[in-house]
Amino acid sequence: MDETDDLPNSPKLKEARHAAAAIIKALKITEAPVTLNDVNNHIKKTVNLTVKGTNELSNNIDGVLKCVGDRVFILYNESKSVSRQRFTVAHEMGHLHMGHVHGNSSIDLGSDNFDEIEANHYAAHLLMPPSLLRKDIKAGLKKVDLLAKKYQVSEEAMWWQIDKAGLLKIL
């Protein structure tokens, strides 16, 4: 459990974690990688969501979440690596689930903006559910580069999630 979970004026990490876990449970995901098309289809049951890659975003923008009327658009930068695209889409889904609806977003894992922290936390838990990571590590998959490859995320994101999920001790 993160130390900021119960503090006033702190990011809603528990809510972000639970939102991601609810999707993992609803989709009955038991193996990595999490398929974002399945997540998108699940979200589409309640939200008019379109997820689309584009080359029209500037190089320093990974993705955006836009609302136009009752439609929601997640646009991600196709010029980025696949692992970055996946984290970007999951991050923007995190903004959607957490009720953040505004412009460009930052995926800086060291950000101190609460909306960004919550979206990063959501994305990490959606793409790298601690229960699946724990299972894989206990089954002998202990190299971070191989875990990152299996979960289709960057090594940086994998290290971050292993640390935040308290899994360093079993790695």
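The rules behind each value
- Residues numbered from 1 in each chain as written.
- Predicted model: local features only at pLDDT ≥ 70, side-chain atom pairs only at ≥ 80, totals over all residues.
- Heavy atoms only, no water.
- Pairing = 2+ DSSP bridges.
- Helix = DSSP H or I, 4+ residues; strand = E, 2+ residues; numbered from the N terminus.
- Axes fitted to C-alpha atoms, helices over the stretch in contact; angles between N-to-C directions.
- Contact = heavy atoms within 4.5 Å.
- Parallel < 35°, antiparallel > 145°, perpendicular 65-115°, else oblique.
- Left-handed = near helix turned anticlockwise from the far one by under 90°.

## Here we look at the sheet that holds strand β3 (residues 71-77)
No. 1: Taken in spatial order, the 3 strands of this open sheet run β1-β3-β2, and their pairing is mixed. Strand pairing shows two members of the sheet lacking a second neighbour, β1 (48-54) and β2 (63-68), which therefore form its edges. The average angle at which neighbouring strand axes cross in this sheet is 20 degrees, direction not considered.
No. 2: Sheet topology places β1 next to β3; 7 bridges connect them, and they run parallel. The partner of Asn48 across the bridge, within β3, is Arg71.
No. 3: The sheet contacts of helix α3 (residues 82-98) involve β1, β2 and β3, and relative to β3 the element is tilted by about 155 degrees.

## Digging into the packing of helix α6 (residues 144-151) against helix α7 (residues 155-164)
When two helices pack together, their arrangement is given by the angle between the helix axes and by the axis-to-axis distance.
No. 1: At a minimum axis distance of 9 Å, the contact between α6 and α7 shows a crossing angle of 105 degrees. The orientation of α6 with respect to α7, classified from their angle, is roughly perpendicular. Across the interface between the two elements, Val144, Asp145, Leu147, Ala148 and Tyr151 from α6 touch Glu155, Met158, Trp159 and Ile162 from α7.

## Examining the packing of helix α1 (residues 13-26) against helix α4 (residues 114-127)
No. 1: Running from N to C, α1 and α4 point in directions that differ by 30 degrees, and their axes come no closer than 8 Å. It follows that α1 is roughly parallel to α4 by the angle criterion. Crossing of α1 against α4: the hand is right-handed. Along its contact with α1, which presents Leu13, Ala16, Arg17, Ala19, Ala20, Ile23 and Ile24, the element α4 presents Ile117, Glu118, His121, Tyr122, His125 and Leu126.

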